[in-house]
Amino acid sequence: MDETLDQVIDLRSDTVTRPGAEMRRAMAAAEVGDDVYGEDPSIRQLEERVAELLGKQSGLFCPSGTMSNLIAIAAQADRGQEVWVDCESHVVHYELAGSAVIAGVQLRAFDAPNAGCPTSAQLLAMQRLADPAHEPEATLLCLEQTHNRRGGSVASVADLAEAADTAHGMGMRVHLDGARLGNAAVALGVQMRELADCADSLSFSLSKGLGCPVGSVWVGSHDARARAHIWRKRLGGGMRQAGILAAAGLWALGHQLPRLGEDHANAKRFAQLAADIPGLEVDPARVATNIVLLQTAAPADEVLARAERAGVLMVAFGPHTVRAVTHLDVSAEQITEAAARLHSALSGA
Ligand SMILES: Cc1ncc(COP(=O)(O)O)c(C=O)c1O
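Residues numbered from 1 in each chain as written. Predicted model: local features only at pLDDT ≥ 70, side-chain atom pairs only at ≥ 80, totals over all residues. Heavy atoms only, no water.

K.L.:
Help me understand the sheet that holds strand β3 (residues 82–86) in this model?
P.N.:
Two pairing modes exist for strands in a sheet, parallel and antiparallel, and in both the strands are linked by backbone hydrogen bonds. The strand order β2-β8-β7-β6-β5-β3-β4 describes an open sheet built from seven strands, whose pairing is mixed. With partners counted over all chains shown, the strands left at the sheet margins are β2 (58–62) and β4 (106–110), one partner each. Going across the sheet, the axis of each strand differs from the next one's by a mean of 20°, ignoring polarity. With four bridges connecting them, β3 and strand β5 (residues 138–144) associate as parallel partners. Counterpart to W84 in the pairing with β5 is L141. Helix α10 (residues 222–234) rests against β2 and β8 (216–220) of the sheet, and its axis sits at about 15° to β2. (Pairing = 2+ DSSP bridges. Helix = DSSP H or I, 4+ residues; strand = E, 2+ residues; numbered from the N terminus. Axes fitted to C-alpha atoms, helices over the stretch in contact; angles between N-to-C directions. Contact = heavy atoms within 4.5 Å.)

Shown next as structure tokens:
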């Protein structure tokens, strides 16, 4: 990076935030116990709080969203069964095929441009024949909200309900990867539980827009929790005095969740400014939450290298696609500055 630039603006992900002083104070003050024995009061409180926010019976604190999704899959689909999922989903792209390697399921992907939410007709066309000699049994539909690789896009409550009703009608269960469910709720102006209503289980991340150092909460019914709990232990996700981490989550639910709209406004502004930068293409009207996908005339790697030299970090999402994410550690001023740096870095590219 150019030595004269005093501060890197990191738009790679909303996972790069660092816990601030107040969150650290809440962590230091947390009451803890051994959670493998079910004795950590802070963890229990967090699990109950997230379950309540999402309108489900119970929660289970997990180390990561990847583990939370894997637990949901393994607990609801047996080996050799089929799980239906959008071809651009996080489960397909970024979880190292854990569902195949560990849960032993077959993923069958559909292409759902509406924020990864399939239509009823799409699902009905995928229906398996009751032919156990040839066809695997399809038991789980996985949705994602907001949808990361589809640019932080959001499916409506009605569209989610249509997909879930169809899946349930075919005897399948529904899991929602709600890593950024708070962002979706803000974008649609609804409560998170309205979005969660369609799903039997959800995973909800604390370490993305909410700024915690770690953590995801799986939620679902009491019965499903018992199965999820076995899978968490089996995967090595049983934690001991992790209440210090849960305390960060509890603090974030009160303090960071209400401010997610600021990230959305910053993302929209960034897209508007980026639309005027030569060599970049973006439609600001399509930016619904805190994720901006930029199409690049030059190869994405070259754009990223130039941006990095100018003090702006982003990630590649394809050969000519770059992702920028806004979060609580980037201010509106830094967004304007990031766009200005990109403008001069890419002029003539
Ligand atoms: C949509 C989505 N689901 C799941 C995950 C996995 O979360 P983690 O990084 O905590 O494993 C991510 C991470 O970025 C994500 O964007």
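K.L.:
Even after reading the chapter, I still don't get the nonpolar core, so can you show me in this structure?
P.N.:
Taken as a class, soluble globular proteins show a tendency for nonpolar side chains to be buried jointly. The biggest cluster of nonpolar side chains holds 55 residues, and the ones touching the most others in it are L54, F61, W84, L141 and F204. Here this core takes six residues from helix α11 (residues 243–255), the largest share from any one element. Residue contacts for F61: discarding those within four places in its chain leaves I43, L46, E47, L206, G215, S216, V217, R232, M239, A242, L245 and A246. V282, V312, A338 and A339 belong to the second-largest nonpolar core, a separate cluster that totals 27 residues. (Core = buried A, V, L, I, M, F, W, Y, C linked by side-chain atoms within 4.5 Å. Buried < 20%, exposed > 50% of the residue type's maximum accessible area, 1.4 Å probe, protein only.)

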